[in-house]
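# Per-entry structural report
The residues making up each chain are set out below.
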Amino acid sequence: MTDTPESQDLVQDLEQLALEVVMLAEDDLPGLGSFSNHLDQLKEKIDPSQAPEVGDLLKRLGEVSNRLILQEIQAAVQALELLNHGVTLLLEWTRDGNLPSTGETWEAYCRISEELGLTDGAPAVSRAAAPSTATFIDDPELVTNFLVEAQEHLESIETRLVFLEQNPEDLEAINAIFRPFHTIKGVAGFLNLAQIQECGHEVESLLDAVRNGNIPVTPALIDLVLAAVDLLKDMLADLREALVEGRGLMKFDLTGIFEMIKAIQDSPSDTPRLGEILVSKGDLEAEDLTEVLEKQKEQEPPKRLGEILVEEGKVPPQKVAQALVQQMADTRTVKEAQVAETVKVDLTKVDNLVDLMGELVIIQSQVKQNPKLQGLADQRLERDLGQMARITSDLQRISMSMRMVPISATFRKMVRLVRDLSHKMKKSVKLNLEGEETEIDRNMVEAIYDPLVHLVRNSLDHGLETPKQRQAKNKPKEGQLWLRAYHQGGNIIIEIEDDGQGLDREAILARAVERGLVDPNEQLTPTQIDNLIFEPGFSTAKVVTEVSGRGVGMDVVRQTIERMRGKVEIHSRPGEGSLFTMRLPLTLAIIDGMVVRVGEERYILPTVGVRETLRPAAEDYFTVEGKGELIQVRNRLIPLMRLHRLFEVGENDIHPTQALVMVVEHDGEQRALLVDEILGKQEIVIKSLGPIFQQLDGLAGGTILGDGRVGLILDLAGLYELEGGNHV
């Protein structure tokens, strides 16, 4: 075709049509109607005298789409695949000027046409046409979008497969797995990703047989589809690398997975729900159903029940189609929800917007605290400044929400992990997900994945018992594991709880004494004993397995959480189970902080670590040889830390009765932090201290305060290390 505005317009129409067809499902009547209308519009733009073979192809595609709408084609999946290949051929015609008569797409189109009995109207084409040379590199942006969406589809499939294994009769669950496979296969075909398309097609055909009642849902089927998901993930990873490196795709061996699919397909189901529906409606005699089932078992490969019934003249095609619709309606729970319109935005732009909003908040605060403006008794100015503050606050809230994503994607990854580990350990475990819609800063999503994996693996390996052990303790054979997420104040809380045996504190303490972490005569609280498992290299496992026992993991969990200015807590009940709680800030860009003065300097203390504030009386202040200064708070002696001495500011020897004490807590240990004055509580926009100062102990960052001065954000873990020898 010549490169004219008309041809460019035609190409755009075909590309839109190609995207539509890969999203079609056989029961999507609105989508099929839209596709048919667009085909009619294309026919008006193409002159049949100049491209008769293209006109024939468009006519055939229109006939197939109309017959799908009227439910006159039983093999709907094959018909949809025919439409997909037909549109791909049209796209290749716009690129090469001829409708191809060779190549994978053409051969697939002809094969399916023959299977559907449509060979009488196959388009006449030029045999001299060359095969398409288009590759996935032609449109990197489209491939990148495909990679993101395909990965999301595969994660969704994993979650739904585990649900289907527990609810094998749920047809909607089967459809929810079938549709993403159909989409992946269709888009892969559009992008000429042959092996991804081929693998997706085979699994899709298998699932189609499952939802038609010809193949039952079994553990073997679930394992096979999960294996296919893993294979597709490997192919997507190779595609991602190939796109970056500008190389060709690796050749994957699909023989093994295809042989397993064929083995399952060669074993027809003994429970044909379609036949039961036809018998119950009076459209088929029970004796005829038995006869057809026997023939189905003898066929190689076996055909679908509906196909045999139509071929044998037992049931008209329309009756089979109606029974299939009823089969779907009987088990499907229709949930319609309005989906908000969205637009994809470069993440760099979102981050820049958030940074600029932080600057705006700072400037707004500086304007409001300008001494010259504060000296003006102007009600209108005060009203305008108040309105500006409200708008700024709303803008900041909206911009921050743009960085928030549901935690559901991270939770879904745990579903597959729990299933695989429970099978490997021969334990029966039910995973309960709560609060999947809870949103978290996107920068934290990847960071919390490893801690979650470690905690889940430890719960399954060390926490939950085997079915025999649970029965001996009068517990249900199936162990329970909960993953929860919810917002609390300015934090997101993630909980991992199990109803297993809890932590063995005697074994933990004995191991800690053996390693020299604890003095044999030292008296530790249950919480302090539990926290020993976070020590590097600590493990009570007697046998090292591929799952755990090497002492690597729990210290990584704590370090990762603390790097995000969060904390992890343990609540264990011997014999009943354990609860691990990760408390994280909603965002890494803003924190709630207490602004304090020490000498002439301003410091910000994250409110998450502050327990209470007091001015001690003289009788509450003690000095103990070897333990330093102590403050009595609620009949308990707490070590005193002086910021004056740690940072060499203000009066080093000021008496605690002339200052303020803030009781802070980190990792289960409390300290009394001495400051001169508390200036207030406010939201703090965190600024990096840069490469030179970012490694300073006791400091987590900086901020610009309302008066334009710089305030340093304190890090409790670093302060504890600086304090050194003042531990009780």
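Residues numbered from 1 in each chain as written. Predicted model: local features only at pLDDT ≥ 70, side-chain atom pairs only at ≥ 80, totals over all residues. Heavy atoms only, no water.

### Here's the deal with the packing of aromatic side chains
One pass over the structure, following the stated rule, counts 1 aromatic pair. On the basis of an interplanar angle of 20° and a centroid distance of 5.3 Å, the ring pair of Tyr603 and Phe647 is categorised as stacked. Remark: Phe647 occurs in the loop between helix H24 (643-646) and strand E14 (660-666) and Tyr603 occurs in strand E9 (residues 601-606); sequence separation between them is 44 residues. One residue, Lys413, lies across the ring of Tyr449, its end atom 5.2 Å from the ring centre. Arg671 extends its terminal NZ or CZ atom over the ring of Tyr720, reaching a point 4.8 Å from the ring centre. (Phe/Tyr/Trp six-rings, centres within 6.5 Å; stacked < 30°, edge-to-face > 60°. Helix = DSSP H or I, 4+ residues; strand = E, 2+ residues; numbered from the N terminus. Lys NZ or Arg CZ within 6 Å of the ring centre and 35° of its normal.)

### Here we look at the sheet that holds strand E4 (residues 479-488)
Read across the sheet, 5 strands follow the order E2-E4-E5-E7-E6 without closing on themselves; strand pairing throughout is mixed. Each end of this open sheet is capped by a strand with a single partner; those strands are strand E2 (429-434) and strand E6 (567-573). With direction set aside, neighbouring strand axes in the sheet form an average angle of 15°. Across 8 bridges, the pairing between strand E5 (residues 491-498) and strand E7 (residues 577-585) is antiparallel. Bridge pairing in E7 places Ile496 opposite Phe580. (Pairing = 2+ DSSP bridges. Axes fitted to C-alpha atoms, helices over the stretch in contact; angles between N-to-C directions.)

### Considering helix H4 (residues 76-96)
Given 3.6 residues per turn, any residue in an α-helix points the same way as the ones three and four places further on. Under the 1.5 Å per step criterion, the end-to-end length of H4 is 30 Å for 21 residues, consistent within 8% with the ideal 30 Å. Burial runs high along H4: 18 of the 21 residues are buried. One or two positions beyond H4, positive phi appears at Gly97, with a value near 90°. (Expected span 1.5 Å × (residues − 1). Buried < 20%, exposed > 50% of the residue type's maximum accessible area, 1.4 Å probe, protein only.)

### A word on the sheet that holds E9
Reading across the sheet, the 5 strands line up as E16-E8-E9-E18-E17 and stay open at both edges, with mixed pairing between neighbours. Pairing within the sheet leaves two strands with one partner each, and these edge strands are strand E16 (677-685) and strand E17 (699-704). Strand-to-strand twist in this sheet, taken as the mean axis angle between neighbours without regard to direction, amounts to 35°. In this structure, strand E8 (residues 590-598) lies alongside E9, joined through 6 bridges in antiparallel fashion. Considered in E9, the bridge of Met594 is made with Leu605.

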